[in-house]
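Results of the structural survey
Take a look at the letters that make up each chain.
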Amino acid sequence: MIATKLRPPIFLIGNYRSGTTITQKLIGLHPDVVTWYEPRTLWLYADPGRCHDVFTERDATEKVIRYIRGRFLEFQVRNGGRQIMENTPSNVLRSSYVHQIFPEATFLFITRNPFSYISSMELKWQRTKTLKGIKRTLATTPITQLHHYAGALIRQIFVKKILRKKYAPIYGPKYEGIDQDLREHDKLTVIARQWARGNRRAREDLAQLGEGRVLTCRYEDLMQDTETTLRRIYDHCGLVCSDDILRVAKEMVDPTRQEKWLRFDPEQLQAILPEVEEEMRVYGYEVPLPLRSEKAGKGAVLGPSPEECKA
């Protein structure tokens, strides 16, 4: 018999292009889990016209809680009563809002080296939304709110297809002030701020949930040591990671996609290093050697590496 009560969801909190999709797929290998891929507009139900993605627990009114939990229950029932594992990258800016709606949920937080993120995001900024992506967005959008997204879609198509601009008007997490930054700064600076501000917001919000409520992992660790990292993730979620799941998982990961950021001129990355350096050290990411040499050459003093701090 299919359960008609909502099971505690599993939420993967992580910035765009930080390994959320592959992580979600790996957790979705478990037969008792169904994955829900980026129902982005569902989370905007509280205020679909907001010009940024920052929502807090104050936005989680009784009406919002009832609606979003209801949609989750519908999805669970349609998928045989399996536990939902959900991933919407813009939730890095609203973890406290998600928790207020689902206080019983399990949370995972994944991060990625900022330079790999910046490289991947810069390419995504150059693309327009696909037909598949449009259909997926419409499927989770209330009919009464469709007009909020139609305008943004038309603008994107106009800028990319008619004006032939290199970049879309906006892509990824919309932190407060991003519109002004887009007018005053270059794209790489904005993308670097998307990483730093999104990660910082999620880290600080999730820290408020208490000891043991959140498991934090790095995308690079999942790629390089899949078995150890995936077992930790499954254990945190209360799931059994079988040998069969591990075998399939190891065939799915690709640990070679870590150095594509080298396509940028070191001076470009050097210019945005101040945007990410403080936050990257929190997760144990060192300044890459090419940038470290460039920085030292300009007379700056480097801080100690994570290994030096432990010594």
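Residues numbered from 1 in each chain as written. Predicted model: local features only at pLDDT ≥ 70, side-chain atom pairs only at ≥ 80, totals over all residues. Heavy atoms only, no water.

**Some remarks on the overall build of the protein**
So the rule is basically this: Helix and strand definitions follow DSSP, with helices as H or I runs of at least four residues and strands as E runs of at least two, each counted in order from the N terminus. By definition in these notes, contact holds between two residues if any of their heavy atoms fall within 4.5 Å. For the accessible areas, the method is Shrake-Rupley and the probe is 1.4 Å, while residue cover comes only from the protein chains on display.
Each helix and strand in the protein was counted, giving 15 helices and five strands. Contacts in the protein between residues far apart in sequence, at least 24 positions, make up 78% of those at least 6 positions apart. For the protein, the exposed area adds up to about 15,500 Å²; of that, 51% sits on carbon and sulfur atoms.

**So, the pattern of salt bridges**
Heads up, the rule is: Salt bridge, as used here: a side-chain nitrogen of Lys or Arg that lies within 4 Å of a carboxyl oxygen of Asp or Glu.
Per the stated rule, a full pass over the model turns up 16 salt bridges. The partner of Glu 227 in a salt bridge is Lys 250, with the nearest N and O atoms 3.1 Å apart. In this pair, Glu 227 is assigned in helix α11 (residues 226-236) and Lys 250 in helix α12 (residues 243-252), connecting sequence segments 23 residues apart. Close ionic contact of Asp 243 with Arg 231 constitutes a salt bridge, the shortest N to O distance being 3.5 Å.

**Remarks on the side chain of Gln 24**
We count it as follows: Within 3.5 Å is the distance limit for a polar contact, defined as a pair of N or O atoms, with the added protein rule that one can donate a hydrogen and the other accept it, and that residues adjacent in sequence qualify only through two side-chain atoms.
By secondary structure assignment, the location of Gln 24 is in helix α1 (residues 20-27). Looking at Gln 24, its side chain comes within polar contact range of the main-chain oxygen of Trp 36, at 3.0 Å. Discounting residues that sit within four places of it in the chain, Gln 24 has contacts with Leu 12, Thr 35, Trp 36, Tyr 37, Met 85, Glu 86 and Asn 87.

**A word on the packing of aromatic side chains**
As a reminder, the rule being used: Stacked, edge-to-face and tilted are the three classes for Phe, Tyr and Trp ring pairs, Trp counted by its six-membered ring, which pair at centre distances within 6.5 Å; planes under 30 degrees apart are stacked, over 60 edge-to-face, the rest tilted. Here's how the labels work: a residue is buried when its accessible area is under 20% of the maximum for its type, exposed when over 50%, partly exposed in between, all with a 1.4 Å probe on protein chains only.
The final tally for this structure, using the stated rule, is 16 aromatic pairs. Relative to Tyr 67, the ring of Tyr 45 has its centre 3.9 Å away and its plane inclined at 10°; by these criteria the two rings are stacked. Taken as a pair, Tyr 45 in the loop between α2 (40-43) and α3 (62-78) and Tyr 67 in helix α3 lie far apart in primary sequence, 22 residues in all. Classification of Tyr 45 by relative accessible area gives buried; the value is 17%. Assessed through its relative accessible area of 21%, Tyr 67 is described here as partly exposed. Three or more aromatic residues link up through ring pairs in this structure, and these residues are Phe 11, Trp 36, Trp 43, Phe 55, Phe 72, Phe 75, Tyr 97, Phe 102 and Phe 107.

**Focus on helix α9 (residues 187-207)**
Spelled out, the test is: Expected helix span is given by 1.5 Å per residue-to-residue step, counting one fewer step than there are residues.
Counted at 1.5 Å a residue, the expected span for α9 with its 21 residues is 30 Å, and the 30 Å between its end C-alpha atoms agrees. Between a side-chain oxygen at the N-terminus of α9 and the backbone nitrogen of Leu 188 the separation is 3.1 Å; the capping residue is Asp 186.

**So, the nonpolar core**
Inclusion rule: Nonpolar cores are built from buried Ala, Val, Leu, Ile, Met, Phe, Trp, Tyr and Cys residues. Side-chain atoms within 4.5 Å join them into one set.
Core analysis: the biggest nonpolar cluster contains 55 residues, and Trp 43, Ile 68, Phe 72 and Phe 102 have the highest contact counts within it. In contact with Ile 68, other than residues within four places in its own chain, are Leu 42, Trp 43, Tyr 97, Ile 101 and Phe 102. Ranked by size, the runner-up nonpolar core spans 24 residues in total, among them Ile 110, Cys 217, Cys 237 and Leu 246.

**Brief notes about the sheet that holds strand β4 (residues 106-111)**
Heads up, the rule is: Any two strands with at least two DSSP-identified bridges between them are counted as paired. Angles run from 0 to 180 degrees between N-to-C directions of axes, and those axes are lines fitted to C-alpha atoms, restricted for helices to the stretch in contact.
Read across the sheet, five strands follow the order β2-β3-β1-β4-β5 without closing on themselves; strand pairing throughout is parallel. The sheet terminates laterally at β2 (33-37) and β5 (214-218), the two strands that pair on one side only. Here the average twist between neighbouring strands, direction ignored, is 20°. Sheet contacts for α1: β1 (10-14), β2, β3 (83-87) and β4; angle to β3, the most-contacted strand, approximately 170°. In the packing of α3 onto the sheet, the strands contacted are β1, β2 and β3, and the crossing angle to β2 comes to about 130°.

**Thoughts on the pairing of β3**
Most of β3 is tucked away, with five of its five residues classed as buried. When β1 meets β3, the two strands line up parallel, connected through three bridges. Residue pairing for β3: Leu 12 is matched across the bridge by Asn 87.

**Quick word on the environment of Cys 241**
With respect to the helices, strands and loops of the structure, Cys 241 is situated in the loop between α11 and α12. Setting aside chain neighbours within four positions, we find Cys 241 in contact with Leu 230, Arg 231, Tyr 234 and Leu 246.

**Section: the confidence of the model for the protein**
Note the cut-off: Every residue gets a pLDDT, meaning the predictor's confidence in that residue, from 0 to 100.
In the predicted model, the protein carries a mean pLDDT of 87, and the fraction of residues at 70 or more is 85%. Note that residues 299-311 has pLDDT below 50 and, in this model, 12 contacts with residues that lie over four places away or in other chains.

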